[in-house]
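Residues per chain are reported as follows:
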Amino acid sequence: MSHINTISEFLLQAGTDYRVFDMARGIRTLASQTFLEIENASVPAPYPRQQHTWFGILFFNKHLSEERYIWFVKLPLDEQGLVIAAARKQFLQIVVEALGQTLDKQNNSNNQLPDNPFTFIPNQQQLADFNSIARIELGIPLSQHLRLVEQYITHPKDNDWRTVSIQGIADFTASLPHGKYQNLLLSQFLKLAPEMQYALCTSLENHATPNNITRLLIDWYQQNTQDEKRLHSVLRGLAQSQANTDVVSLLALILNSENRQSSATLMLIAARHWQYITEPSILTPYIQQLADCQDDIFVGLFSDLVQIPKIRDTMLGILRWPNKSPQLTRAVGQLFGQNTP
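Visitor: Please set out the overall build of the protein residue by residue, giving values where relevant.
Guide: Within the protein, the regular secondary structure consists of 16 helices and four strands. Scaling as 2.2 N^0.38, a compact globule of 341 residues should have a C-alpha radius of gyration of about 20 Å, and the protein matches this with 22 Å. Once the C-alpha set of the protein is aligned to its principal axes, its extents read approximately 65 × 60 × 30 Å. For the protein, with 341 residues in total, the buried portion stands at 51%. Put simply, 68% of the contacts in the protein that link residues at least 6 apart link residues at least 24 apart. Total accessible area on the protein stands at roughly 16,200 Å², and carbon and sulfur atoms take up 49% of it. Computing the positive centroid from 27 side-chain charges and the negative centroid from 31, the protein places the two 2 Å apart.

Okay, here's the thing in structure tokens:
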């Protein structure tokens with residue numbers, strides 16, 4: 001244990017192949033070297049959430065067994081977004097005490113860890129999406145549930161959406177890089193039950209949404225801009241959209257409309273579209289509406305957003321704005337513990 005300092009080193013010494021996914025703000029693949037640099041606090045975590053970095057780690061030893069294992073690990077971050085070394089070492093100590101120096105069935109039949117503050121359980125949709133993404137990453141066929149989803153989407157009037165499983169939806173969205181499934185979704189989406197539309201969008205937030213589906217979802221929202229549930233579904237579905245310009249235009253339209261957005265919408269933008277907050281057409285109305293929000297969410301969201309490396313400078317720059325509104329002045333005062341009237 002004395003010479004093992006990172007999770008990466010432990011997995012390599014145990015003779016495993018492994019894949020790492022960032023789970024904080026949607027599922028994203030992380031290169032092994034990037035994961036090691038984050039662990040070593042050489043670079044800040046790219047997608048922090050709630051002052052932690054969140055990982056899904058898939059590992060296996062193909063020479064010994066066909067079985068694969070998963071750890072969902074969260075590590076605390078300091079004020080600069082760097083992993084706290086003491087916490088990482090504590091997690092490794094838990095690993096070694098539970099499993100020994102190697103990963104095998106003699107120590108622990110499932111290579112699972114005891115309850116500890118560094119592991120977490122994703123929600124049901126994220127678990128399903130992780131399963132689909134991992135299967136594709138390893139070249140394993142997707143589940144039989146995919147066929148039922150395809151059947152429903154092809155003939156929605158002849159099938160009941162309630163017979164479709166979350167895993168099937170996850171398998172379908174993971175298959176969208178294939179033209180067959182893209183074309184099916186493009187032609188049938190507007191004919192589906194609203195519940196299925198919402199579910200597909202929730203799953204899409206864990207995938208790179210192609211341009212044509214981005215356009216489809218934006219058009220769907222614009223058919224009924226007063227439907228907040230539809231708006232939230234679209235924001236989720238476009239979380240990793242490849243059509244950046246279209247998403248920026250949509251966010252600017254939403255934030256610059258006559259209607260003030262709810263705290264739920266502002267929180268969703270922070271969680272899924274933080275990378276666009278630096279855009280001038282988005283930054284000012286977003287921050288102002290955040291300050292105006294009666295739920296007093298400014299402090300929590302500001303503290304969360306300022307840890308994201310890509311937008312940290314922009315968020316800190318807000319504190320120096322020369323012409324703050326009274327509401328923003330009050331919100332900034334709360335941030336520093338001042339009771340500004």
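Visitor: Give a description of the pattern of salt bridges that names residues and reports values.
Guide: A side chain of one charge can pair with a side chain of the opposite charge if their charged atoms are brought near each other. Throughout the structure, instances matching the rule amount to 10 salt bridges. Here aspartate 304 and arginine 25 are joined by a salt bridge, their closest N and O atoms 2.7 Å apart. Of the two residues, aspartate 304 is situated in helix 14 (residues 298-305) and arginine 25 in the loop between strand 1 (17-22) and strand 2 (28-30); the sequence distance between them amounts to 279 residues. Summarising the burial analysis for this pair, aspartate 304 and arginine 25 share the class buried. A salt bridge links aspartate 292 to arginine 260, with the nearest nitrogen and oxygen atoms 3.1 Å apart. Separated by 32 residues along the polypeptide, aspartate 292 in helix 13 (residues 280-292) and arginine 260 in the loop between helix 11 (244-255) and helix 12 (263-272) bring together distant segments of the chain. In this structure aspartate 292 comes out as partly exposed when scored by relative accessible area, which is 27%. Bridged by salt links that share partners, the residues Glu205, Arg236 and Arg272 form one connected network.

Visitor: Please provide a residue-by-residue account of the nonpolar core, values included.
Guide: Nonpolar side chains in soluble globular proteins tend to be buried together. Counting residues in each nonpolar core, the largest one holds 77 residues, and the members touching the most others are Phe172 and Tyr286. The element best represented in this core is helix 11, accounting for seven residues. Other than its neighbours up to four places away in sequence, tyrosine 286 contacts Leu255, Leu266, Ile269, Ala270, Ile277, Leu301 and Leu305. Residues Phe10, Ile38, Val95 and Leu113 belong to the second largest nonpolar core, which totals 28 residues.

Visitor: Let's hear about the packing of helix 9 (residues 211-222) against helix 11: which residues, and what values?
Guide: Between helix 9 and helix 11, the least distance of the axes is 10 Å, while the angle of their chain directions is 15°. Taken together, the axis directions place helix 9 and helix 11 in an arrangement best described as roughly parallel. Considering how the two elements wind past one another, helix 9 and helix 11 form a crossing that is left-handed. Taking contact as the criterion, the partners of Thr214, Arg215, Ile218, Tyr221 and Gln222 in helix 9 are, on helix 11, Asp246, Val247, Leu250, Leu253 and Ile254. Class assignment for the residues of the contact of helix 9 with helix 11 results in six nonpolar, two polar and two charged.

Visitor: Tell me about unusual backbone geometry, residues and numbers included.
Guide: Not every positive phi belongs to a glycine, and glutamine 50 is a case in point at roughly 55°. Residue position: glutamine 50 is located in the loop between helix 2 (32-39) and strand 3 (52-60). Of the residues examined, glutamine 50 reaches a relative accessible area of 52% and is grouped as exposed. With a phi close to 60°, glutamine 51 is a non-glycine residue in the positive phi region.

Visitor: Break down the packing of aromatic side chains for me, citing the residues and quoting the values.
Guide: On inspection of all chains with the given rule, the structure shows 15 aromatic pairs. Taking 5.9 Å as the distance between ring centres and 55° as the angle between the ring planes, the aromatic pair formed by tyrosine 47 and tryptophan 274 counts as tilted. Of the two residues, tyrosine 47 sits in the loop between helix 2 and strand 3 while tryptophan 274 sits in the loop between helix 12 and helix 13, which places them 227 residues apart along the sequence. The exposure classification of tyrosine 47 matches that of tryptophan 274, with both residues buried.

Visitor: Summarise the packing of helix 5 (residues 145-154) against helix 7 (residues 179-188); cite the residues concerned and give the values.
Guide: Packed helices, taken two at a time, are described by the angle between their axes plus the distance between the axes. Between helix 5 and helix 7, whose axes approach to 10 Å, the crossing angle comes to 35°. You can see that helix 5 and helix 7 cross each other, and the crossing is left-handed. Residue-level contacts link Leu146, Glu150, Ile153 and Thr154 of helix 5 to Lys180, Tyr181, Leu184 and Gln188 of helix 7. When its residues are assigned to classes, the contact of helix 5 with helix 7 shows four nonpolar, two polar and two charged.

Visitor: A description of the layout of surface pockets should follow, citing residues and the corresponding values.
Guide: By volume, the largest pocket is sized at about 500 Å³. Together, 25 residues line the largest pocket, and Ala24, Arg49, Gln50, Ala271 and Arg272 are the ones closest to its centre. The set of elements that each furnish at least two residues to the lining of the largest pocket consists of helix 4 (124-138), helix 12 and helix 14. When the residues that make up the lining of the largest pocket are grouped by side-chain class, the tally is 11 nonpolar, eight polar and six charged.

Visitor: Got a sec to walk through the pairing of strand 3? Specific residues and values, please.
Guide: The buried fraction of strand 3 is high, at eight of nine residues. Pairing between strand 1 and strand 3: six bridges, direction antiparallel. Paired with arginine 19 across the two strands is leucine 58, which belongs to strand 3. Across nine bridges, strand 3 lies against strand 4 (residues 68-76) in antiparallel orientation. Paired with threonine 53 across the two strands is leucine 75, which belongs to strand 4.

Quick notes on the rules
Residues numbered from 1 in each chain as written. Predicted model: local features only at pLDDT ≥ 70, side-chain atom pairs only at ≥ 80, totals over all residues. Heavy atoms only, no water. Helix = DSSP H or I, 4+ residues; strand = E, 2+ residues; numbered from the N terminus. Rg over C-alpha atoms; globule rule 2.2 N^0.38 Å. Buried < 20%, exposed > 50% of the residue type's maximum accessible area, 1.4 Å probe, protein only. Contact = heavy atoms within 4.5 Å. Areas by Shrake-Rupley, 256 points an atom, 1.4 Å probe, with all protein chains shown as cover. Lys, Arg positive; Asp, Glu negative; His and termini not counted. Charge placed at Lys NZ, Arg CZ, Asp CG, Glu CD. Salt bridge = Lys/Arg side-chain N within 4 Å of Asp/Glu carboxyl O. Core = buried A, V, L, I, M, F, W, Y, C linked by side-chain atoms within 4.5 Å. Axes fitted to C-alpha atoms, helices over the stretch in contact; angles between N-to-C directions. Parallel < 35°, antiparallel > 145°, perpendicular 65-115°, else oblique. Left-handed = near helix turned anticlockwise from the far one by under 90°. Nonpolar A, V, L, I, M, F, W, Y, C, P; charged D, E, K, R; others polar. Phe/Tyr/Trp six-rings, centres within 6.5 Å; stacked < 30°, edge-to-face > 60°. 1 Å grid on protein atoms, 1.4 Å probe; cavity = no way out; pocket = protein on both sides within 12 Å on 5 of 7 lines; lining within 4 Å. Points joined across faces, edges and corners; volume = space filled by probe spheres on them. Pairing = 2+ DSSP bridges.

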